[in-house]
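# Architecture and fold: a report
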Amino acid sequence: MRVVWSLLLTVLALPLAAAPGGGELYAQNCAVCHGADGRGGVGVPLALPSFLPSVSDDYLAATIRHGRPGRVMPAFTQLSNAEIQAIVAHLRSWMPPGSKVVTLSSQAVKGDVVRGKALFAERCAVCHGANGEGGHGTGVTFSRPRDLPIIAPALNNPGFLAAASDQMIKTTLMNGRDGTPMVSFLQQGLSERDIDDVVSYVRSFAAEAGWKPGNDDTPMLEMDSPYTLAETVEAVKRAAVGKNFRIIREQSLENGLFAATQESKTAHIVYFCNFNFINQALALDPRVGLFMPCRITVVEREGQVKMMSINPKYLSRLFNNAELDKPCEEMYQVYMGIMEEASL
Amino acid sequence: MRCNSLVLLVLLCVGLTSVSHADELFMVRSSHAFPETMATLQEVISRHGYTVSRVQRVDIGLTDSGFKTDMYRLVFFARPDELRDLSQRYPQLIPYLPWPITIFAEGEETLLVTANPAELHALAHNDELKHLFRRWSTEFRAILEEVRKGE
């Protein structure tokens, strides 16, 4: 019987023994955006000396669990609580020597929302946006020029509001955060009462409807052409140039996969770019290469010629970035416009 | 006051119901510089039985147009026979083929991103495509993990 119990315990313990530690979980899930050593990247820097001691384990865990809807940071719903705690413990290894995590009460802050709104507009909106929507773009992206080491967080984000306690917001306002543009508002002349009012106003953002990903469920755009495949290809090129795009390449769908003589000629891709548009999109989110380059494929099937492209509004939901909604809508209009014009 | 807090909490929960989760994009960071990571990526793609059809040099187009950027490229890949078969039987997949992986430099390190095929539910309208996208999902995740580990 003892042998059976030992075997059972061993089998049950196997997943625990095989489970990766916090460092490996961080490398797998977080390092791509926040950097291997927490210096930041697409995501904000986590290893700032003033950040880690000022936030609780609960704040970090809730941030990992809920993410920031519409602000790139996804919700890590697939991680267990134990895995999240392991990641939090790994983050704590970057705490400055001798520092300890601040202990904050869970007491709600009671302030005047109306006064807080006025103070927010005067003192906070310049960085955090008029409605607490935060700064633009992603975090520090070393691949592209940036003005600041960190972007201002979106204070109206449901993920932030679920993670941050009133006392944490208050402490941040009172002490500021060294190494970032966030200053101490006590030193800037606000009283504790003023700060309570601002906290109450920030908390009131929870009543707003948060960002939701687009609900366009059409993965591709297509349109029939009344012309031959070759004529349609030329018409697509003319229409793209007419919309300020540069034709950068055209090829068969099978190019690079078969010998040139073996390639099917019934699907032909026209690639086109507007580098100013690409540059602006990359500033919003460096991951948008997946949309690039713009392409329309002209396909002939059973005598009917069609034009096809991805639907940017369908793909954009993968990025959890509200700022991509507008350029994706613009690209949708561009694709539809080119196809319409080419089929006239 | 307690009632107001409860209302805010409920609204917050509603706001969190539509969050994007972390599996929609596969993203990894390689601790190696861009040229080595690009070579590793192409090697790993081949090892998984795929062919790199071409590399789009986005950074060259950007710098030629006067914009500042670090190395930024797209690697397109497919299994030739699979692409031919799918494009005949499922033309709606054509705009997504060959599949791209975005690779770009961040200082002395390199980031790689691709979409998780299993998340493109509207594209997979039958059991065969659902199975295919699940297989691609497993393989593309494995490709990026091997590049991350420098294997």
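Residue numbering note: each chain is counted from 1, following its sequence as written. Chains carry letters from A onward and ligands carry numbers from 1 onward, assigned in written order. Two thresholds apply to this predicted model, a pLDDT of at least 70 for residue-level local features and 80 or more for giving and counting side-chain atom pairs, whereas whole-chain, interface and lining totals are computed over all residues.

### Section: the packing of helix α2 (residues 22-29) of chain A against helix α5 (residues 81-92) of chain A
Residues and elements named next belong to chain A.
- Running from amino to carboxyl end, α2 crosses α5 at an angle of 95 degrees, the nearest separation of the two axes being 8 Å. Here α5 runs roughly perpendicular to α2, going by the angle between their axes. Only Glu-83, Ala-86, Ile-87, Ala-89 and His-90 of α5 make contact with α2, whose side of the interface consists of Gly-22, Gly-23, Leu-25 and Tyr-26.
- Within the contact of α2 with α5, the residues separate by chemical class into five nonpolar, three polar and one charged. Convention adopted: a line fitted to C-alpha atoms gives each axis, helices being fitted over their contacting stretch, and angles between N-to-C directions are expressed from 0 to 180 degrees. A run of H or I in DSSP becomes a helix once it reaches four residues, and a run of E becomes a strand once it reaches two; helices and strands are each numbered from the N terminus. Working rule for angles: under 35 degrees goes down as roughly parallel, over 145 as roughly antiparallel, 65 to 115 as roughly perpendicular, anything else as oblique. A pair of residues counts as a contact when their C-beta atoms, built from backbone coordinates, are within 7 Å of each other. Under the scheme applied here, ten amino acids are nonpolar (Ala, Val, Leu, Ile, Met, Phe, Trp, Tyr, Cys and Pro), four are charged (Asp, Glu, Lys and Arg), and all others, including Gly, are polar.

### A closer look at the interface of chain A and chain B
- Counting residues at the interface gives 61 residues for chain A, matched by 57 residues for chain B.
- Among the secondary structure elements, those contributing two or more residues to the side of chain A that touches chain B are α3 (31-34), α8 (158-163), β3 (267-273), α12 (275-284), β4 (294-301) and β5 (304-310) of chain A.
- Counting residues per element, the side of chain A that touches chain B draws most heavily on α8(A), at four residues.
- For the side of chain A that touches chain B, a count of residues per class yields 36 nonpolar, 17 polar and eight charged.

### Some details on helix α9 (residues 166-175) of chain A
Residue and element names in this part refer to chain A.
- Taken residue by residue, α9 has Asp-166, Ile-169, Lys-170, Thr-172 and Leu-173 as its buried positions. Relative to the axis of α9, the buried residues are bounded by an arc of 160 degrees and lie together on one face.
- Where α9 is buried, its residues contact α10 (192-204).
- Positioned one or two residues after α9, Gly-176 has a phi angle of 70 degrees, which is positive. Partly exposed residues are those whose C-beta has more than 12 but fewer than 20 other C-beta atoms within 10 Å; with 20 or more the residue is buried, with 12 or fewer it is exposed, and the C-beta atoms are placed from the backbone. The arc in question is traced by the directions running from the helix axis to the C-beta atoms.

### Things to note about the sheet that holds β5(A)
Residues and elements named next belong to chain A.
- Taken in spatial order, the five strands make up an open sheet running β1-β5-β4-β3-β2, and their pairing is antiparallel. Looking at the sheet topology across the chains shown, the edges are occupied by β1 (220-225) and β2 (246-252). Going from strand to strand, the sheet's axes swing by 20 degrees on average, the running direction of each strand aside.
- Here β3 runs beside β4; their pairing, made up of six bridges, is antiparallel. Within β4, the position partnered with Val-270 by the bridge is Ile-296. When DSSP finds two or more bridges between a pair of strands, those strands are recorded as paired.

### Focus: the domain arrangement of chain A
Residues and elements named next belong to chain A.
- How far each domain reaches was decided by an automatic or database domain assignment. The domain boundaries assigned to chain A delineate domain 1 (15-95 + 106-207) and domain 2 (220-342).
- Relative placement of domain 1 and domain 2: their C-alpha centres are 38 Å apart.
- Each partner contributes residues to the interface: domain 1 has eleven residues there, and domain 2 has ten residues.

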